[in-house]
Amino acid sequence: MSLTNASPSDAAQAAKSASHVLATLSADARNEALEAIHAGLTAARDDILAANARDLELAQKAAADGKLSQSLVSRLDLSRKGKWEDMLKGILDVRDLEDPVGKVTLRTRIDNGLDLERVTCPIGVLLIIFEARPEVIANIAALAVKSGNAAILKGGKESTESFIAISNVISAALEKSQVPNGAIQLVTTRDVIPQLLALDSHIDLVIPRGSNDLVRYIKNNTRIPVLGHADGLCAIYLEQSADPSMAAEVILDSKTGYPAACNSLETLLVQDAALQAHLPAVATALAAKGVELRCDAQSKAALADTPGLTLVDATDADFSTEFLALTLAVKTVSSLDDAITHINTRGSHHTDCILTASAEQAERFMAAVDSAGVYWNASTRFADGTRYGFGTEVGISTNKIHSRGPVGLEGLMIYKYKIRGQGQVASSYGDGKKPFLHQRLSLE
């Protein structure tokens, strides 16, 4: 990795050239680079966390002045709840995954001596634009190296000290490897995002990591394909047959495990038949964790006799809001179909869940809800690359093409077609000439 203040065009051209070399490296060479990164970061822990603390201090002051959101501050903190350890573990998890490059996914014998293969290959050059999340540098570097992709990273000013410290360590580690210096670059020049977004001849995919405003800006200002999601407006539908204690535990984890995450619960849909039996215990558990409940009229009435609650009247906008805080919108629905309609029209197609004892209801929900993740009796917080077994992730995608949900190595691969022949020409086939065999061959 290199810290670069080169022009966006020069940085992108260097990344494109490096990607052609990186794509040819052996799996062993790429894994050795990951081991060097892991060792370097482990040794530099104290220096990096000290740099992160300096960023955090400035961010907390900015948040106190109303210049930065508290959710952004939370995402910046590398020492929070084992984030540092998770970052390091993610590098080794990626190393241990099966090599994604060069996997044959189709073989066809077009004719005797003329064989077609479809083979996985890297996308090319990734542009990652992120806010506040310094661990993104290590995550992306690991995934990019393992998948044979070059990466250009541009971080937000709120995490400057952190990402420079991490980048210096990774750069030194890669100097000991076969990975080209230009394969992973951190752009330090300010105000270059518009220029980077214009380089569709060199950059193959943009991955934004940050606020919905950032993602929307990028999607609206580039011709390069964008992999990401603008909002994490996750919902849970609580159906009357759900086990009450299970439902309370899943809802509590979904909302309070990490409220600033994109996979945290933002809207609780409660079947009207479940209001009296289920909602009071759920609301009491949430209130004990400091969650503010914004209730519609029916759910508020059902909680009127429950002690210890502070209820707020929900507005219509609350049911389309990603709070990223200890705030939860509660809405009453009469049926599964109403819940599905609400989620498909008001949600963000990220991750949604049904709590029910009915397999039939659950399967209908998971088939009908148009989201990247659809769950039955499980916390929305499982929407995560590490928890899916992907090692780590570059982000969550709500796209309808290429890759969806937590994007790990597989989402950073495309494919190419290879033909091995013996001098055949296409004009010899068709229109009464030689027929094609089109024989499907084993992948073994």
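Here the structure is a predicted model, which is why all the values come from computation and not from measurement. (Residues numbered from 1 in each chain as written. Predicted model: local features only at pLDDT ≥ 70, side-chain atom pairs only at ≥ 80, totals over all residues. Heavy atoms only, no water.)

**A look at the overall build of the protein**
Moving on, step 1. Along the backbone of the protein there are 15 helices and 18 strands.
Moving on, step 2. Computed over C-alpha atoms, the radius of gyration of the protein comes to 25 Å, within 12% of the 22 Å expected from 2.2 N^0.38 for 444 residues, which places it in the range of a compact globule.
Moving on, step 3. Summarising its shape, the C-alpha atoms of the protein cover approximately 80 × 65 × 35 Å along the three principal directions.
Moving on, step 4. Contacts spanning at least 24 positions in sequence make up 73% of the contacts within the protein whose residues lie at least 6 apart.
Moving on, step 5. For the protein, the distance from the average position of its 43 positive side-chain charges to the average position of its 53 negative side-chain charges is 5 Å. (Helix = DSSP H or I, 4+ residues; strand = E, 2+ residues; numbered from the N terminus. Rg over C-alpha atoms; globule rule 2.2 N^0.38 Å. Contact = heavy atoms within 4.5 Å. Lys, Arg positive; Asp, Glu negative; His and termini not counted. Charge placed at Lys NZ, Arg CZ, Asp CG, Glu CD.)

**Regarding empty space enclosed by the protein**
If you roll a probe as big as a water molecule over the atoms, it shows you where there is empty space left.
Moving on, step 1. The full count for this structure, using the stated rule, is one cavity of 30 Å³ or more.
Moving on, step 2. Here the largest cavity defines a volume of roughly 40 Å³.
Moving on, step 3. In terms of lining residues, the largest cavity is bounded by Leu233, Cys234, Ala235, Thr267, Phe319, His342, Ile343, Arg346 and Gly347.
Moving on, step 4. Secondary structure elements with two or more residues in the lining of the largest cavity: strand E8 (234-238) and helix H13 (336-346).
Moving on, step 5. The element contributing the most residues to the lining of the largest cavity is H13, with three residues.
Moving on, step 6. Across the lining of the largest cavity, the residue classes tally to five nonpolar, three polar and one charged. (1 Å grid on protein atoms, 1.4 Å probe; cavity = no way out; pocket = protein on both sides within 12 Å on 5 of 7 lines; lining within 4 Å. Points joined across faces, edges and corners; volume = space filled by probe spheres on them. Nonpolar A, V, L, I, M, F, W, Y, C, P; charged D, E, K, R; others polar.)

**Some remarks on the domain arrangement of the protein**
Moving on, step 1. Domain boundaries assigned for the protein yield domain 1 (8-220) and domain 2 (234-388).
Moving on, step 2. Between domain 1 and domain 2, the C-alpha centre-to-centre distance is 34 Å.
Moving on, step 3. Contacts between the two partners involve seven residues from domain 1 and, on the opposite side, seven residues from domain 2.
Moving on, step 4. Taking both partners together, domain 1 and domain 2 bury about 520 Å²; carbon and sulfur atoms supply 40% of that area.
Moving on, step 5. Broken down residue by residue, the surface that domain 1 buries against domain 2 is led by Ser71, Arg75 and Arg80, which jointly contribute 60%.
Moving on, step 6. Counting across the interface, domain 1 meets domain 2 through zero salt bridges.
Moving on, step 7. Our count for the domain 1 to domain 2 interface comes out at two residue pairs in polar contact (both at pLDDT 80 or more). (Domains from an automatic or database assignment. Buried area = accessible area lost by both parts, 1.4 Å probe. Salt bridge = Lys/Arg side-chain N within 4 Å of Asp/Glu carboxyl O. Polar contact = N/O pair within 3.5 Å; in protein donor to acceptor, adjacent residues only side chain to side chain.)

**Side note on the nonpolar core**
Moving on, step 1. Residues Leu41, Ile48, Ile128, Leu153 and Ile184 are the most contacted members of the largest nonpolar core, which totals 51 residues.
Moving on, step 2. Counting 29 residues, the second largest nonpolar core, distinct from the first, contains Leu275, Val291, Leu309 and Leu355. (Core = buried A, V, L, I, M, F, W, Y, C linked by side-chain atoms within 4.5 Å. Buried < 20%, exposed > 50% of the residue type's maximum accessible area, 1.4 Å probe, protein only.)

**Quick notes on the packing of aromatic side chains**
Moving on, step 1. What the rule picks out here adds up to four aromatic pairs.
Moving on, step 2. Taking the centre distance of 5.6 Å and the plane angle of 90° together, the rings of tyrosine 388 and phenylalanine 390 count as edge-to-face.
Moving on, step 3. A relative accessible area of 29% means that phenylalanine 390 is categorised as partly exposed.
Moving on, step 4. A ring pair is formed by tyrosine 429 and phenylalanine 436, whose centres lie 4.8 Å apart and whose planes are at 5°; its orientation type is stacked.
Moving on, step 5. The buried category is assigned to tyrosine 429, whose relative accessible area is 9%.
Moving on, step 6. Since its relative accessible area comes to 42%, phenylalanine 436 is described here as partly exposed.
Moving on, step 7. Positioned above the aromatic ring of tyrosine 258, the side-chain terminus of arginine 80 is 3.8 Å from the ring centre.
Moving on, step 8. Between arginine 118 and the ring centre of tyrosine 415, over which it is positioned, the NZ or CZ distance is 5.5 Å. (Phe/Tyr/Trp six-rings, centres within 6.5 Å; stacked < 30°, edge-to-face > 60°. Lys NZ or Arg CZ within 6 Å of the ring centre and 35° of its normal.)

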